[in-house]
Structures are given as structure tokens and as C-alpha cells.
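# Observations on chain architecture
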Amino acid sequence: MELLVVGLDGLSYNMLDRFDIDPKYIGRVTEEGVSGDLMSVDTPTTLPAWTSFQTGTDPGTHGLTNMIQQSADYDVSPFETNETEAAVYDYLDDTVLINLPASIGREPSAEDTHLVSAMLAKDKADAVPPHLRELDSYDDYILDHDKSLKKRPSVYFDHVCDITRRRRDFAREAFDEYDPRFGFVLFSTPDWAGHLLSNFSDDAERATYYRQLLTVVDECTADLAGLADNVLLMSDHGFEKKTRNIHVNDWLADRGYLQVEEERVTPQHLAVAAAKAVGKRSDWVYERIRRVYNYIIGTSVGQSLQEAAESEVDYPNSRAWELRYGCLFINDDRFDQPNVDDPEALKRELKEELATITGPDGEPAFRDVLFAEEAYADPGEWAPDVIARPAPGGYPTMLDSPTDEPVSQTNNYNHRYRGMIAAEGPAFCTDETVEGLSIVDILPTLMHVLCEPVSPTFDGSVRHDLLAEERAVETMSPTDVPRPRLRTADETSQTERDEAVEERLADLGYIE
Ligand SMILES: [Zn+2]
């Protein structure tokens, strides 16, 4: 294989440093090859970021700006695979991609290119095309984790280690069978484990489990790396410890921008109201409640409590709201019941005011507050109107504030913008650190490494600072850009996929 990309979902160097983990192979490539931080997209989450990787475009262009989307009638649902942008499996012949998120329903346009999809697929058979189901290791291949095992962390971590090894086995057999020029495999488990770190009470316990998994991920990465001349390791976003939750919808409601529906009174609501009342008076009690809360949101009991801890937005009567991770939407004429006279003025007002939100320490809650056109090269109609990027350690949550203040304390692990990249092999330079690299630059750079012309549709560009030799970049003519192909005669309906995916996203906290 000429070039292999190993995706390490959610991995970043700060997490290895925090837990004092020095994975042998990943550490060596970082030291001896070319490495650095890799900037994710808005929002720094799995579906937007891997869609940017596969298309070389930012979320303004491909449309997946978040894990969930809202339609004109205010209904919220998981995002679906992009169907308009050409992707890596359309550009590159002779390629095998194992476990690429947000690609279900797409059929490679390239010759001899094989695509195994991941997140957004209904199940294993939906994700793996029929001819790849013939491989011996298919039976043991696991698409998704069993969330019921989260109740027992030691069992859960053994389970994710097992998933990692079986994915390695499946990828290796597929690479052996098809002998591709370019290969991709994603290990999702660092992301799943990262989310579970919130459930532990101290960093020593977190370190033990995280180290156990990273050791397995590192071994499996090294195994597959042995099959390729050039290897590039990358994540889609990083993780970090969060010390502050930012409650944008509470803040919008306080200022009259957002209306909340009449509260339903259920036992879960009473439990949450009681917890909030106690939490307001004591940080210590609040911290204990939070831990229990983080623990149970991985369970079915937790799902109903989680719903109760989030007020229902009365969308038609609101002027603006947050739809996850600092993305604000204005109730303008994209929606069925618009009620904002001057959306541009409201956008400017919100941008200015959001920048003034501070936490208990007086530090700004957000590092940047941007309009869509500042965050994206070419934002589509449904891009968020305002994007508030949290300051380090801050997490924009949809859950109600336990203190009624817009910023509350937490002790959690969640996504951050900066992920990681490290590469080695004759195509890459050695012993170098690179800065300012974005995930949209990866596909153009890989295509250039493979001596293929880059696409004029890319938002990213070839990053020569990663490469051993500088050659002129060729660009294909717009008429040569392949047309995306969709799977015909699909065995699985979109509704079936949506149901499976909603459950998965709720488990990871994306649908709150
Ligand atoms: Zn991810």
C-alpha cells in the first residue's frame, strides 16, 4: 500500500500528556515524523469533521454543521450523509476505506474502490457492502459499542479494546484481499472512551482505563502501519477536561430572546428540580449530583432524566435559540413561523452580547463569536447564524443551568477543536512540527502525495510543510470532478437508519 490513513477518533496530545500515556508507535511517529495539532471544524464533532475529511470542504459547503439538524417545522433529527460533494471514494481509484462515518448511502464513483461505512448506518450489514461481508473476519467485526456495558467500566473497556482488535483484523483482511494503493481505517474507540471518562470521579481511575485502551489502539495502529509505505495518523477533533458548562439557552431565555414551553411535571422533573435547588446552595452537593447524573445518562433511566433537565424550547415563539455546541439560529423566514423583523440586526446584537458572557472567574465564556460567513468559506442557507466557540475548558451544553447563571462549573470530558496529526514515510518530512493545519487540508494533501490532481471544489489546500519534496500542485478541471453516486436498491430505509442513529447519538449526549 502506498499510503494508509489511520483515523484515531477524538485523540489529542493534551489527553496523552494529562494521563501520562506514551503510546509506543504513535509516540515514535510523533517524534521522528512530522506532527502537530489538527484543527477541526465548526462544530468539532464526528459527523461534520469526518465529512470535511472525506470531501476536503468545510461544513458550510457540505452542510453537516452539527450532529443534529433542524427543519423548517422546527423538528430536530440526526444529520444525514452529504449527497452533493464528491468525496475521497469518488476521487481515488484502488482504495479501501474501513469505517468511514457519514458515508452510508454513497456508492464510490472511483474504480476498484471499496467503502465500509460507519456512524449513520443502521447496522453492520447496512455498513458493509455485500462483497466485503464475505471476508472471514466479518463475523467478528463490530460496528458499534454495546452501551449497556457502560454500567460496569471494566467490562466496557474490555469491550472497546475488543472492538478495536476486531476492526484491525477486518481492515487487515480487506487490505490483504484488495491490495489497495490507498487505505483508510478509523478506530472510533478513543472517542467513545473519552465520553465515558466523565463518569469517573478521579483522574487516576480515568488514566488507568484510558491507558488500557490507548495501548491496544496503538498496537493495532502499528500492525496496520506495517502494510504501508507512508502512514498518516489523524483525529477529527480532540478531547479535554471541561471545567465550565455554558448554558446559552438559559441566557437567551433570561434576555427574552427565547421562550420555554410550559413545564411538564413528572417524577423526573421533580427529581431534577430538587437536585437543582440543592445544587444552588452547595458546590459540593452539586458536584456529587453531577457525577451521578453523568453516570446515569449512559443508561435508559438517565435518558428520561436528561430530557427532564432540558427545557423545551417554544421555537415558534422564540427569536433565537442554540442548537447544540454554540450554534445559534434566528427564527427568520427559513422557518415556518418566523418572527424576527430584522434578522441581520439581531445577528449583530447576539454576536456582540454573547462575547460579553463571562464565568465566575470573570474570564470570557467564548474565545470567538462568529457569523457563518466568518466560520465557513461558503455557508449554505441552513448554516447556524452565529457560532460561539467556547474558550478552553468550556462546554456549550443544552442542559439547564443548575444555578440559573449562564456559566456553571463542571468536571467533565468533552470535545475540543484541536485534534492531532502525525505522519511518517518517504513522502513526509522528518522531525518536524507543523502548525495551523486544518482537517480540510488533509484530502488535498493526500491526493497530491498520490500524484493526483486536486479538486477545484476543495476549501482546503495542499500543505507542503508536511511533505518531503515540493512539487507543483495540479488542479483538475471542474468538468473532471466526479459526480457523487448514491446507493441504488438500498436494502435499508432512511427511517430505519434514523431510528438506529438517534439512539446512538442520544447515548453520546448529542441529542439531549
Ligand atoms: Zn469524533
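Throughout this document, residue positions are counted from 1 along each chain, in the order its sequence is written. The predicted nature of this model means local features are confined to residues of pLDDT at least 70 and side-chain atom pairs, given and counted, to a pLDDT of 80 or more, with totals for whole chains, interfaces and linings taken over all residues. For the side-chain quantities, the full set of heavy atoms in the structure was used; hydrogens and water were omitted.

If you check an unreviewed UniProt entry, the protein chain appears there as Alkaline phosphatase family protein from Halobaculum magnesiiphilum.

## A closer look at the coordination of the zinc ion
The following threshold applies: Note that water is not among the atoms used; donors are N, O and S atoms within 2.8 Å of the metal (3.2 Å for Na, K and Ca), so sites may look incomplete. Working rule for geometry: tetrahedral if four donors all subtend angles between 85 and 135 degrees; square planar for four, octahedral for six, if opposite donors exceed 155 degrees and the others stay between 65 and 115; irregular in every other situation.
Within the protein, Asp9 (OD), Thr46 (OG1), Asp236 (OD) and His237 (NE2) serve as the donor atoms for the zinc ion, at 1.9 to 2.2 Å. Each of the four donor atoms bound to the zinc ion contributes to angles spanning 100 to 120°, and the resulting shape is tetrahedral.

## Topic: the sheet that holds strand S16 (residues 407-416)
Cut-off, in case you're wondering: Two strands are counted as paired when DSSP detects at least two bridges linking them. A run of H or I in DSSP becomes a helix once it reaches four residues, and a run of E becomes a strand once it reaches two; helices and strands are each numbered from the N terminus. Every axis corresponds to a line fitted to the C-alpha atoms, with the helix fit spanning only the stretch in contact, and the corresponding angles, defined between N-to-C directions, vary from 0 to 180 degrees.
With mixed pairing, the three strands of this open sheet are ordered in space as S15-S10-S16. Edge positions in the sheet fall to strand S15 (394-396) and S16, since each of these pairs with one other strand and no more. Geometrically, the sheet is characterised by an average inter-axis angle of 45° between neighbouring strands, direction not taken into account. Two strands pair when backbone bridges link them, and strand S10 (residues 238-246) and S15 are joined in this way by three bridges, in the parallel orientation. Across the sheet, the residue bridging to Asn245 is Tyr395, located in S15.

## Considering the nonpolar core
Short version of the rule: Nonpolar cores were defined as sets of buried Ala, Val, Leu, Ile, Met, Phe, Trp, Tyr and Cys residues, with membership established by side-chain atoms within 4.5 Å. When a residue's accessible area, from a 1.4 Å probe over protein chains only, is under 20% of the maximum for its type it is buried; when over 50% it is exposed; and in between it is partly exposed. Here a residue-residue contact requires only that any non-hydrogen atoms of the pair lie within 4.5 Å.
Counting residues in hydrophobic clusters, the biggest one holds 67 residues, and the most contacted among them are Leu8, Ile98, Phe157, Phe170 and Tyr210. At 10 residues, the largest contribution of residues to this core is made by helix H9 (residues 203-225). The residues contacting Ile98, other than those within four sequence positions of it, are Val116, Tyr141, Phe170, Ala171, Ala174, Phe184, Val185 and Leu186. Core analysis: the second largest hydrophobic core is formed by 43 residues, Leu97, Leu115, Leu186 and Leu232 among them.

## Things to note about helix H8 (residues 189-196)
Counting buried residues in H8 gives eight out of eight residues, a clear majority hidden from the surface. Among all positions in H8, only Thr189, Pro190, Asp191, Trp192, Ala193, Gly194, His195 and Leu196 are buried. The secondary structure elements touched by the buried residues of H8 are helix H3 (46-55), helix H7 (153-178), strand S8 (182-187), H9, S10 and S16.

## Quick look at the side chain of Asn249
To keep it simple, the criterion reads: Distance and chemistry together define a polar contact, namely a pair of N or O atoms within 3.5 Å, with one atom able to donate a hydrogen and the other to accept it when in protein, and with adjacent residues in sequence counting only for side-chain atoms on both sides.
Its place among the elements puts Asn249 in helix H10 (residues 248-254). A polar contact is formed between the side chain of Asn249 and the backbone nitrogen of Glu322, at a distance of 2.7 Å. Beyond its immediate stretch of four places on either side in the chain, Asn249 contacts Leu258, Val313, Trp321, Glu322 and Met398.

## Quick notes on the environment of Val454
With respect to the element layout, Val454 can be found in the loop between helix H16 (442-449) and strand S19 (485-486). Val454 gets classed as buried once you look at its relative accessible area, which sits at 8%. Between the C-alpha atoms of Val454 and Ser477, which are 23 residues apart in sequence, the distance is 9.3 Å. Here Val454 is in contact with Pro444, Met447, Val462, Val473, Glu474, Thr475 and Met476, once residues within four sequence places are set aside.

## Let's talk about the packing of helix H2 (residues 24-32) against H9
We apply this condition: Three residue categories are used. Nonpolar comprises Ala, Val, Leu, Ile, Met, Phe, Trp, Tyr, Cys and Pro, charged comprises Asp, Glu, Lys and Arg, and polar comprises the others, including Gly.
The N-to-C vectors of H2 and H9 enclose an angle of 65°; their axes lie 7 Å apart at closest approach. Contacts between H2 and H9 involve Lys24, Tyr25 and Ile26 from the first element and Asp218, Thr221, Ala222 and Ala225 from the second. Along the lines of polarity and charge, the residues of the contact of H2 with H9 split into four nonpolar, one polar and two charged.

## Section: the sheet that holds strand S11 (residues 320-322)
Strand order across the open sheet formed by four strands is S11-S12-S14-S13, with antiparallel pairing between neighbours. Because the sheet does not close on itself, it has two edges, and the strands there are S11 and strand S13 (366-371). Taken pair by pair, the neighbouring strands of this sheet meet at an average axis angle of 20°, ignoring direction. Both strand S12 (residues 327-330) and strand S14 (residues 386-390) contribute to a ladder of two bridges, which runs antiparallel. Opposite Leu328, over in S14, you have Val386 as the bridge partner.

## Describing the pairing of S16
A regular strand carries its side chains on alternate faces of the sheet. Along S16, nine of the 10 residues are buried, which leaves the element largely enclosed by surrounding structure. With eight bridges joining them, S10 and S16 adopt antiparallel strand pairing. Across the sheet, residue Ile246 finds its bridge partner in S16, namely Val407.

## Some remarks on H16
In terms of burial, H16 is a largely internal element, eight of the eight residues being buried. Every buried residue of H16 is accounted for by Ile442, Leu443, Pro444, Thr445, Leu446, Met447, His448 and Val449. Positive phi appears at Cys451, one or two residues downstream of H16, with a value of about 60°.

## Observations regarding unusual backbone geometry
Thr43 follows Asp42 through a cis peptide bond whose omega is 0°. In this fold, Thr43 is placed in the loop between strand S2 (34-39) and H3. At Arg324, a position not held by glycine, the phi torsion is positive, near 70°. Relative to the helices and strands, Arg324 is located in the loop between S11 and S12. A relative accessible area of 2% means that Arg324 is categorised as buried. With a phi close to 55°, Asp431 is a non-glycine residue in the positive phi region. Turning to its location among the elements, Asp431 is positioned in the loop between strand S17 (418-424) and strand S18 (432-438). For Asp431, a relative accessible area of 61% puts it in the exposed group.

## Brief notes about the packing of H3 against H16
Condition: An angle below 35 degrees is read as roughly parallel, one above 145 as roughly antiparallel, one from 65 to 115 as roughly perpendicular, and any other as oblique. Take the far helix as the reference: if the near one is turned anticlockwise from it by less than a right angle, the crossing is left-handed, and if turned clockwise, right-handed.
Running from amino to carboxyl end, H3 crosses H16 at an angle of 30°, the nearest separation of the two axes being 6 Å. By the criterion of interaxial angle, the relationship of H3 to H16 is roughly parallel. The chirality of how H3 crosses H16 is right-handed. Where H3 abuts H16, its residues Phe53, Gln54 and Thr55 lie against Ile442, Leu443 and Leu446. For the contact of H3 with H16, the per-class residue count stands at four nonpolar, two polar and no charged.

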